[in-house]
Amino acid sequence: MKTKKKIKKRRVVPVGIFFILLIILGLFSAAVLSGYFYFEAKSRISDIEKAARDYLIPLAEASANLAELSYKNKNYFKLKQLFREKIEEEIIDEAFFVLSDGKIIIHSDREVEKDLKGNIATDEFAYNVDLIMLPVWSKTDNVQFMDYHIYDNDLKIPFRKDVTQLLKQYIYNKVDVPGWLVTRAVFHKEQGIGCVSFLVSKDRIYKFLLELFNNILNLSYIFAGISLGISFFISVVIFFRYSSLSKRRAGEIVEHEIESIIAPVYSMRKNGMNGRLKEAIKIKSTFNCKINNSDKSIIKDAVAVTDKKRKIV
């Protein structure tokens, strides 16, 4: 009865093994998903920025050349049409041609132009004149492509501050700067007279990161389900394997105990039967010896009597 109680206590579900496996697989899944997010985000952001450079720099070159002709002819219709077309295609968010003193020649948004009263220097907080006029003041005809703080109520970074800080530290160090400034000097009679500039939001990067976050979240649910299933399956296998080993061990223990009980009795019986058998054999051999001795004495007596009788005769 004691043996049975001990065996029942040992047959427990391996909950500890289940949770250990679940934690290990969970950590492994987190490492895989983190690595995937890191490399995918770095790679795709680099591709998006490169694609923006490859498209916007030639566009700024062409716009500056067109602005030079328009300024010479005092006809800005084609330049306005180009700005409108690219904004409708959502390639750029804002475009303008301004002179070196900040005077607006063309602006893609008439309402903004009215608010600025015809000069970007009116709102130095939204329009950094030093950066916009950098090609003119540095006397270069190269397009300047740089990160730029676009101050627009409709344009916001769609991440919490802690998430933005992590992205800035590990993924993209300019994630907190919501736009790019693309600016190129406009020349007239070999003198820089102003700049054609584009403000472009990083909305493509933010949309990609949000999609990637959603993909990682969905994959985490799938990985969690797989980890749970694997942990449960291995735990069940271990449970049944342990149960079979416990039964086998219990059988061996019971068999050993039965043998320990039966063996002395069997030995006593065996020894007792052997003793009786030996005693019977001993008695038989003693009896046979007596019989043999008595036969010999009878034969000797008979021979002696016969000799006497013969002598008498």
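You'll find the structure just up there.
What counts, and at which threshold
Residues numbered from 1 in each chain as written. Predicted model: local features only at pLDDT ≥ 70, side-chain atom pairs only at ≥ 80, totals over all residues. Heavy atoms only, no water. Core = buried A, V, L, I, M, F, W, Y, C linked by side-chain atoms within 4.5 Å. Buried < 20%, exposed > 50% of the residue type's maximum accessible area, 1.4 Å probe, protein only. Helix = DSSP H or I, 4+ residues; strand = E, 2+ residues; numbered from the N terminus. Contact = heavy atoms within 4.5 Å. Pairing = 2+ DSSP bridges. Axes fitted to C-alpha atoms, helices over the stretch in contact; angles between N-to-C directions. Polar contact = N/O pair within 3.5 Å; in protein donor to acceptor, adjacent residues only side chain to side chain. Salt bridge = Lys/Arg side-chain N within 4 Å of Asp/Glu carboxyl O.

A. Quick peek at the nonpolar core. Core analysis: the largest hydrophobic core is formed by 44 residues, its most contacted members being Leu 56, Phe 97, Leu 167, Phe 198 and Leu 209. In terms of residue count, the dominant contributor to this core is helix 2 (residues 15-73) (twelve residues). Other than its neighbours up to four places away in sequence, Leu 209 contacts Ala 41, Ile 45, Phe 159, Leu 167 and Val 175. Among the nonpolar cores identified, the runner-up in size contains 20 residues, and Ile 120, Met 133, Phe 187 and Leu 199 belong to it.

B. Spatial organisation of the sheet that holds strand 3 (residues 144-148). With respect to topology, five strands assemble into an open sheet ordered 2-1-5-4-3, the strand pairing being antiparallel. The open sheet has two edge strands, strand 2 (104-107) and strand 3, and neither has a second partner. Averaged over all pairs of adjacent strands, the angle between their axes in this sheet comes to 20 degrees, without regard to strand direction. In the sheet, strand 3 pairs with strand 4 (residues 179-188) via five bridges, with the strands oriented antiparallel. By the bridge assignment, Gln 144 is partnered in strand 4 with Thr 183. Against the sheet, helix 2 contacts strand 1 (94-99), strand 3, strand 4 and strand 5 (191-201), and its axis sits at roughly 30 degrees relative to strand 4. Against the sheet, helix 3 (residues 77-88) makes contact with strand 1, strand 2 and strand 5, and its axis sits at roughly 150 degrees relative to strand 1, the strand it touches most.

C. The side chain of Ser 231, seen in detail. Along the polypeptide, Ser 231 turns up in helix 8 (residues 203-312). Relative accessible area serves as the criterion here: at 0%, Ser 231 is assigned to the buried category. There is a polar contact of 2.7 Å between the side chain of Ser 231 and the backbone oxygen of Ser 227. With residues near it in sequence (within four places) discarded, Ser 231 still touches Phe 18, Leu 21, Leu 22 and Leu 25.

D. Looking closely at the pattern of salt bridges. On inspection of all chains with the given rule, the structure shows seven salt bridges. As a salt-bridge pair, Lys 50 and Asp 54 come within 3.0 Å of each other at their nearest N and O atoms. Of this pair, Lys 50 and Asp 54 are both found in helix 2, four residues apart, which corresponds to roughly one turn of the helix. We classify Asp 54 as partly exposed; its relative accessible area is 46%. Residues Glu 61 and Arg 184 are paired through a salt bridge, measuring 3.2 Å at the closest nitrogen-oxygen approach. Within this pair, whereas Glu 61 is found in helix 2, its partner Arg 184 is found in strand 4, the two being separated by 123 residues in sequence. Assessed through its relative accessible area of 27%, Glu 61 is described here as partly exposed.

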